[in-house]
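# Descriptive analysis of the structure
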Amino acid sequence: MGNDGGSIPDRRDLVKNKKKAEQADKANQTRAVWFFCALSKRPLQEPIVSCALGKLYNKDAIIEHLLDKTAYGDAEKICGHIRSLKDIKVLKLTPRSPPPPPDSPADVAKFVCPLTFKDMNGGQPFVYILTCGCVFSQSGLRTVLGSSPSNGNTTAGESLAAEDEQLEVCPQCATKFSRSSNIFMINPTLEEEERMYAAMEFRRSLEPAKKSKKRKAGADAVADEVATKKKKASPEGHSPSPAPGLNPKISAASRSLAQSLAVEEAKRKAGMSDAVKSLYRGKNDAPRKETFMTMGTFTRYA
């Protein structure tokens, strides 16, 4: 098998190994969740809000989604759990001092923890307080509170114990909050996000059911309501009773006045002369041939 221009294939040419699965760049994933809106994929700009699952959004994107559910194609998958503006919280972020220059890279943190001044860029876990919206690094808040803060995933068994729990005070704005149910992790891991989702469903199950009120629109509703009241007021087969009249004393006085006026009018007509009566004509009288110039007059030559 030589001197003929051929080649001898070896094993690596005949046996092809399975390609390794492509792994996503963790740095790009971290940059996407900490510096860009989870819904619109635009850079985060204040006001920045977060949901019960710890995702970061631009508030204008959430409002646009609530007004038009088809504004973003994957909105149902990303923020389908957001029913209204009550399901989000505006975050009180501490800007970095001095602020980064406008031409700085996209992965430069714009906000820091007010306690430890650590950058909010995904390198350190951050949390926010539900009652006030203040954002801290988890380590900084743990140091202030003296123990590890919870992540807002209170279960059914822990909810009863949380009622008797002493409330803590926010180290930035002095707002009271519950350590077991009012602290939420920002951009948690998948396992932590599942626990936060289960806690959210449990809290919603405790909410009272809302009563829906159906109303008819416009004048049709008013007309139907009036007709219904009339039917209830009158029995079947009888016309509705007339509306109540005026005061009986006032009605008797008005009738006597009308009778007296009629008597006076009859007396006045009875005392008229024939010349005056000729000026008046009844409705049933035949039309006269005279014009309005000669009606009721007489000529001297006649």
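Conventions and cut-offs
Residues numbered from 1 in each chain as written. Predicted model: local features only at pLDDT ≥ 70, side-chain atom pairs only at ≥ 80, totals over all residues. Heavy atoms only, no water. UniProt positions renumbered as here; feature names shortened; annotations may be inferred. Buried < 20%, exposed > 50% of the residue type's maximum accessible area, 1.4 Å probe, protein only. Helix = DSSP H or I, 4+ residues; strand = E, 2+ residues; numbered from the N terminus. Arc of directions from axis to C-beta. Contact = heavy atoms within 4.5 Å. Core = buried A, V, L, I, M, F, W, Y, C linked by side-chain atoms within 4.5 Å.

Labelled according to an unreviewed UniProt entry, the protein chain appears under the name Rtf2 RING-finger-domain-containing protein, originating from Suillus placidus. Quoted verbatim from the Sequence similarities (unreviewed entry) field of the UniProt record, the comment on the protein chain reads "Belongs to the rtf2 family."

Moving on, we get to helix α3 (residues 59–67). All buried positions along α3 are accounted for by A61, I62 and H65. Relative to the axis of α3, the buried residues are bounded by an arc of 100° and lie together on one face. Among the exposed residues of α3, those oriented more than 90 degrees off its buried face are D60 and L67. Buried residues along α3 sit in contact with β1 (48–50), β2 (56–58) and α4 (75–79).

The next subject is the nonpolar core. By size, the foremost hydrophobic cluster in this structure holds 41 residues, and its most contacted members are L39, L56, Y57, M120, V135 and I186. Other than its neighbours up to four places away in sequence, L39 contacts Y57, A61, I62, H65, Y72, A75 and C79.

Before going further, it helps to examine the side chain of H65. With respect to the helices and strands, the residue H65 is situated in helix α3. The exposure class of H65 is buried, given its relative accessible area of 2%. In this structure, H65 is in contact with L39, Y72, A75 and C79, ignoring residues within four places of it in sequence.

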